[in-house]
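Summary of structural features
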Amino acid sequence: LYASMTPAKEVGGDFYDFLLIDEDHLAVLIADVSDKGVPAALFMMSTKILLNYRAQQGGSPSEILYSVNDQICKNNSEMFVTVWLGILDLNTGVMTCSNAGHEYPFIRGKDGAFRELKDKHGIVLGAMESVRYKDYEIRMMPGDAVFVYTDGVPEANNADGEFYGMERMEIALNHIADRDPEGILQGIKEAVNSFTGEAKS
């Protein structure tokens, strides 16, 4: 497991977390609040606490997202948050996942290549109450990996205003696919920085 976060301009609303729900289940989540600045950071912290607390109570990712979404909506916030949540069974290698409007994950399988997994998206958290989310499974084998990210990576721009994009990200991922998690994230950061140059993305 490895993660990093680099705000583009100011205090951001992106966040991630790993937590052991019990001895056999590890939850992994990544999220992106719709706004920037201090209000987004505060909304991010409250959402992170809600997700963490609800995950510790058990249930599938879709059930957790359903519950947290209703709590966020009750506060009548003008912001929303995208979330990808996976719960890994450490005994079987099966990761049960649910996606609330977040970016598609990339999966490294037995051939060692990363491929985009176009999972079923639900509605972002905070948009409307009583939204039902769907679970899906990723069967993890030794050597497999999941790469999740926020839109700050594909939407990083260079001095000409061109986006880094999904295609460049996938090429960069597969150029460094044999690295460990820390090496993969460092490699992506270097690739994005090389593309953006001196641009204030």
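Residue numbers here run from 1 along each chain, matching the order of that chain's written sequence. Selection of residues for local features in this predicted model requires a pLDDT of at least 70, selection of side-chain atom pairs for listing and counting requires 80 or more, and totals for whole chains, interfaces and linings are taken over all residues. The basis for every side-chain value is the complete set of non-hydrogen atoms in the structure, without hydrogens or water.

**Examining the overall build of the protein**
- Segments assigned H or I by DSSP are reported as helices when at least four residues long, segments assigned E as strands when at least two residues long, and all are numbered from the N terminus. If you tally the helices and strands in the protein, you get four helices and nine strands.
- For the protein, the N- to C-terminal ordering of α and β elements is β-β-α-α-β-β-β-β-β-β-β-α-α.
- Our radius of gyration is a C-alpha quantity, and the globule rule it is checked against amounts to 2.2 Å times the number of residues to the power 0.38. Compactness check: the protein gives a C-alpha radius of gyration of 17 Å against a globular reference of 17 Å for 201 residues, within 12% of the reference.
- When its C-alpha atoms are laid out on the principal axes, the protein stretches across 40 × 40 × 25 Å.
- Taken over 201 residues, the protein has a buried fraction of 46%.
- Total accessible area computed for the protein in this model is approximately 11000 Å², and 51% of it derives from carbon and sulfur atoms.
- Positive and negative side-chain charges of the protein, numbering 17 and 31 respectively, have mean locations separated by a distance of 3 Å. A 1.4 Å probe rolled over the protein chains alone gives each residue an accessible area, and that area as a share of the maximum for its type sets the label: buried under 20%, exposed over 50%, partly exposed in between. With residues, only the protein chains shown are counted as cover, and all accessible areas are computed by Shrake-Rupley using a 1.4 Å probe. As used throughout, the charge tally considers Lys and Arg to be positive and Asp and Glu to be negative, leaving His and the chain termini uncounted. Every charge is mapped onto a representative atom, which is NZ of Lys, CZ of Arg, CG of Asp or CD of Glu.

**A look at the sheet that holds strand β6 (residues 114–116)**
- The criterion for strand pairing is that DSSP finds at least two bridges linking the strands in question. Spatial ordering of the open sheet is given by β6-β5-β9, a layout of three strands whose pairing is antiparallel. Of all strands in the sheet, those with a lone pairing partner are β6 and β9 (145–147), marking the two edges. When strand polarity is set aside, the average angle formed by the axes of neighbouring strands in this sheet is 25°.
- The pairing of strand β5 (residues 106–108) with β9 spans three bridges and is antiparallel. Residue pairing across strands places Phe106 opposite Phe147, the latter belonging to β9.
- A contact between two residues is defined here by any heavy atoms of the two lying within 4.5 Å. All axes are obtained by fitting lines to C-alpha atoms, using only the stretch in contact for helices, and the reported angles, taken between N-to-C directions, cover 0 to 180 degrees. Running over the sheet, helix α3 (residues 165–175) touches β5, β6 and β9 and is turned about 155° from β6.

**Brief notes about the packing of aromatic side chains**
- Here a Phe, Tyr or Trp ring, Trp counted by its six-membered ring, pairs with any other such ring whose centre lies within 6.5 Å, and the pair is stacked when the planes are under 30 degrees apart, edge-to-face when over 60, and tilted otherwise. Using the criterion set out here, one finds five aromatic pairs in the structure.
- Consider the rings of Phe106 and Tyr149, whose centres lie 6.1 Å apart with planes at 50°: the pair is tilted. On the criterion of sequence distance, the pair formed by Phe106 in strand β5 and Tyr149 in the loop between β9 and α3 is long-range, its members being 43 residues apart. With respect to class, Phe106 is no different from Tyr149; both count as buried.
- Summarising the aromatic geometry, the rings of Phe147 and Tyr149 are spaced 5.6 Å apart at their centres and angled 20° between planes, so their arrangement reads as stacked.

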